[in-house]
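# Fold and geometry: a report
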Amino acid sequence: MRELSLHILDVAQNSVKAGATLTTIEQTVDTAAHTLRFTITDNGCGMDETTVRRVIDPFFTSRTTRKVGLGIPFFKMEAENTGGSFSISSVPGQGTTVSALFHTDHIDCLPVGDMAGTVTALVQCNPQLDFVYRLCVDGRSFVMDTREFREQLEGVPLNNPDVVQFMKEFLEENSETIYGGA
Amino acid sequence: MKSLAELKAIKEKNKMGVMLREEQDGIRVVVGMATCGIAAGARPVLNAFTEEVAKRRLEGVTVAQTGCIGICQYEPVVEVYAPGKEKVTYVKMTPEKVARVVADHLVNGNVVTEYTIGAMQK
């Protein structure tokens, strides 16, 4: 994958599969320290300790169609390729947290890419679920919460094309402001 | 800057549509969004479908996702389910191909045969 945002989309799909009703994606940027941290937290079914240890193994997967599962191992590799780190923790019945730290000044660090596209794709494909996206750049932050969208929309679904278009622009414009109009 | 207040207008505009849509079976466009699909470029394809559908104000078209259906070498894969018709599977999709599928297939009912899996396997 050529963008970190695609990895985020892939990892967040695991939360959806785990039956999470709320998935939070946090992106924290420290420009002075050249670090970027992505944390994905969900309230899905969680995993026991043995399973948590096995998800980083590419030859482990929960699906039955074949014997490889590459999403998490790829994501971990991308973080470690930049000299960063990866962690995953889970409590059965409560949810899972995946976190990865990237050193953005490392030559092997992938570009973040289209995060607005990732978040809208997630919401659009799972309009019955809630997602929170929080972007924090050097202490300035911005939050998008589908529960707030829902409140305004009063029954118009989140996958309505007009809503999806608005959400994409909303994310793009606010992210740009947080990054300082760069 | 965009504010959530703009959603009010979208709600008013679409409230009627919701009631209409719930009553009828429309066309379902399903994009494969597992690791293989995403890596091959499924996200821009999904976004392109949404944009086209919004632009043309196509009522009753739902864009959704599915997991890996086992033909990873043909990703991005898009399946189109129209009521009363056989499923059509498009392979190696791109945002450019999406515009044609929407215009020819979703709007006019003509399958774009050259993009389907049948054409690929020949």
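Summary of the structure given here.

Procedures and definitions
What you see as residue numbers is a count from 1 along each chain, following the sequence as written. For this description, chains carry letters from A and ligands carry numbers from 1, given in the order in which they are written. Residues qualify for local features only when their pLDDT is at least 70, as the model is predicted, and side-chain atom pairs are given and counted only at 80 or more; totals for whole chains, interfaces and linings, by contrast, use all residues. Think of a nonpolar core as buried Ala, Val, Leu, Ile, Met, Phe, Trp, Tyr and Cys residues chained together by C-beta atoms that fall within 7 Å. In this scheme the burial state of a residue depends on its C-beta neighbours within 10 Å: 20 or more other such atoms mean buried, 12 or fewer mean exposed, and anything in between means partly exposed; the C-beta positions come from the backbone. Any residue pair is listed as a contact if its two C-beta atoms, each placed from the backbone, are within 7 Å. At least two bridges found by DSSP between two strands is the condition for calling them paired. Note on conventions: DSSP H or I runs of at least 4 residues are helices, E runs of at least 2 residues are strands, and numbering of each starts at the N terminus. To get an axis, fit a line to the C-alpha atoms, keeping to the stretch in contact for a helix; angles then go from 0 to 180 degrees between the N-to-C directions. Small angles under 35 degrees read as roughly parallel and large ones over 145 as roughly antiparallel, with 65 to 115 read as roughly perpendicular and the rest as oblique. For any helix crossing, the convention is left-handed if the near helix is rotated counterclockwise from the far helix by under a right angle, and right-handed if that rotation is clockwise. When residues are sorted by character, Ala, Val, Leu, Ile, Met, Phe, Trp, Tyr, Cys and Pro go into the nonpolar class, Asp, Glu, Lys and Arg into the charged class, and all the rest, Gly among them, into the polar class.

Quick look at the nonpolar core now. By size, the foremost hydrophobic cluster in this structure holds 69 residues, and its most contacted members are Val119(A), Val31(B), Val45(B), Phe49(B) and Val78(B). Non-local contacts of Phe49(B), meaning those with residues more than four positions away in its chain, are made with Val29(B), Val31(B), Val63(B) and Val98(B).

As a general point, the strands of a sheet are linked pairwise by backbone hydrogen bonds and lie either parallel or antiparallel. All names here are of chain B. The sheet built from four strands is open, its strands ordered S2-S1-S3-S4 with mixed pairing. Since the sheet does not close on itself, it has two edges, and those belong to strand S2 (61–66) and strand S4 (88–90), each with one partner. Across the sheet, the mean angle from the axis of one strand to that of its neighbour is 20°, orientation sign disregarded. Pairing analysis gives six bridges linking strand S1 (residues 27–32) to S2, with the strands arranged parallel. Residue Arg28 lies in a different strand from S2, and its bridge partner there is Thr62. Of the strands in this sheet, S1, S2 and strand S3 (78–81) are in contact with helix H3 (residues 42–55), which crosses S1 at around 160°.

A few words on the packing of helix H4 (residues 115–125) of chain A against H3(B). With their axes 10 Å apart at the nearest point, H4(A) and H3(B) run at an angle of 65° to one another. When the axes of H4(A) and H3(B) are compared, the pair comes out roughly perpendicular. Taken as a pair, H4(A) and H3(B) cross one another with a handedness that is left-handed. Contacts from Gly117(A), Thr118(A), Ala121(A) and Gln124(A) in H4(A) reach Arg43(B), Leu46(B), Asn47(B) and Thr50(B) in H3(B).

Attention now goes to the interface of chain A and chain B. Across the boundary between the two partners, chain A contributes 32 residues, which contact 27 residues of chain B. Elements represented by at least two residues in the side of chain A that touches chain B include exactly helix H1 (4–17), H4, helix H5 (146–153) and helix H6 (161–178) of chain A. For the side of chain A that touches chain B, the element with the most residues is H6(A), which contributes 11 residues. Residue classes in the side of chain A that touches chain B are distributed as 14 nonpolar, 12 polar and six charged.

Residue Pro76(B) is bonded to the preceding Glu75(B) through a cis peptide linkage, with omega at -10°. Counting through the fold element by element, Pro76(B) comes out in the loop between S2 and S3. Despite not being glycine, His34(A) shows a phi value in the positive range, around 55°. Mapped onto the elements, His34(A) comes out in the loop between strand S1 (22–30) and strand S2 (35–42). On the basis of neighbour count, His34(A) is assigned to the partly exposed category, with 14 C-beta atoms found within 10 Å. Although it is not a glycine, Lys92(B) adopts a positive phi angle of roughly 45°. Within the secondary structure, Lys92(B) is located in the loop between S4 and helix H4 (95–107).

These figures come from the coordinates and say nothing about function on their own.
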